[in-house]
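Fold and geometry: a report
What follows is each chain in one-letter form.
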Amino acid sequence: MIESEQLKLLENLKDILEDLSFKSTLLKQSDQLPFDTLLTEFSPDEHNRSRCISHTFFPIEEDSATHLLQFFFQLPFQLKSNFLIDLKTLLLVINNKVPIGGYSIDENDRTIHFRYVMVLPRYVPLNTEVITDTITFYVYSQDIFCPVIESLNDGQLSLKQALKTVNSASE
């Protein structure tokens, strides 16, 4: 029951995002994929690398009043360990500035990702305006902060320069 509700919500989300000109692909649960997943492409970054948000629902109990919809994006570059402490500091500052979601580091996979979990009332249809605002904030955060994160990761910016850039971008 829950899984079919969540699949219908992903199908509805796909329709909303496609109406907003995002290309989306729905992948159904399988042996290789533990959950139904909607992949949504957004504009390539400044290096012309493709970017994709993964939307999945967290499993919930049958009597739950809400659904938890995750928006997940892995930044398109590998973490360089020689700047790890500076990156953690920068992400902490950025996370206090982004309107929704937050950045985190997976040191084992050497990746940085951005994640937001939206709480949705279980028996209420998706609201197009809320989805529009959410995806706008989500993509905007990537467009503003990913270049700074990558520049620090690559050693092109010092932590001081990166913090100055972040603080001026969010004013």
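Refer to the structure presented above.
First things first, this report covers the structure right here in the doc. (Residues numbered from 1 in each chain as written. Predicted model: local features only at pLDDT ≥ 70, side-chain atom pairs only at ≥ 80, totals over all residues. Heavy atoms only, no water.)

Side note on the side chain of Glu150
This is how it is decided: Helix and strand assignments come from DSSP, with helices taken as H or I runs of at least 4 residues and strands as E runs of at least 2, each series counted from the N terminus. In this analysis, two residues are considered to be in contact whenever any of their non-hydrogen atoms come within 4.5 Å of each other.
Within the secondary structure, Glu150 sits in helix H3 (residues 128–153). Not counting residues within four places of it along the chain, the set of residues in contact with Glu150 comprises Glu46, His47, Arg49 and Phe77.

Things to note about the nonpolar core
This is how the line gets drawn: We call a set of buried Ala, Val, Leu, Ile, Met, Phe, Trp, Tyr and Cys residues a nonpolar core when their side-chain atoms join them within 4.5 Å. Accessible area is worked out with a 1.4 Å probe on protein chains only. A residue is then buried under 20% of its type maximum, exposed over 50%, and partly exposed in between.
Residues Leu90, Tyr103, Ile112 and Ile149 are the most contacted members of the largest nonpolar core, which totals 45 residues. Per-element tally for this core: the top contributor is H3, with nine residues. Excluding its chain neighbours within four sequence positions, the residues that come into contact with Leu90 are Val148, Ile149, Leu152, Leu159, Ala162, Leu163 and Val166.

Focus on the environment of Asn82
Within the fold, Asn82 resides in the loop between strand E4 (66–74) and helix H2 (84–95). Accessibility expressed as a relative area gives 61% for Asn82, which makes it exposed. Note: C-alpha distance between Asn82 and Gly101 (19 residues apart in sequence) is 26 Å.

Examining helix H1 (residues 2–19)
Which entries qualify depends on this criterion: Take the residue count of a helix, subtract one, and multiply by 1.5 Å to get its expected span.
Its 18 residues place the ends of H1 26 Å apart at the C-alpha level, agreeing with the 26 Å of an ideal helix rising 1.5 Å per residue. Within the span of H1, buried status applies to Ile2, Glu5, Gln6, Leu7, Leu9, Leu10, Leu13, Ile16 and Leu17. Tucked inside the fold, the buried residues of H1 contact strand E1 (23–27), strand E2 (37–42), strand E3 (51–57), E4 and H3. Looking one or two residues past H1, Ser21 carries a phi angle of roughly 75 degrees, positive in sign.

Thoughts on the side chain of Arg122
Put simply, the rule is: Pairing of N or O atoms within 3.5 Å defines a polar contact, subject to two protein rules: one partner must be a possible hydrogen donor and the other a possible acceptor, and residues neighboring in sequence count only if both atoms are side-chain atoms.
By the secondary structure assignment, Arg122 is in the loop between strand E6 (111–121) and H3. For Arg122, a relative accessible area of 6% gives the class buried. Within polar-contact distance, the side chain of Arg122 engages the side chain of Glu5 at 2.8 Å.

Here we look at the pairing of strand E5 (residues 102–106)
The condition is simple: A strand pair is defined by DSSP finding two or more bridges across the two strands.
Pairing of E5 with E6, which is carried by five bridges, proceeds in the antiparallel orientation. Paired with Gly102 across the bridge in E6 is Arg115. Between E5 and E6, which follow one another and run antiparallel, lie four residues, and Arg110 among them has a positive phi close to 55 degrees.

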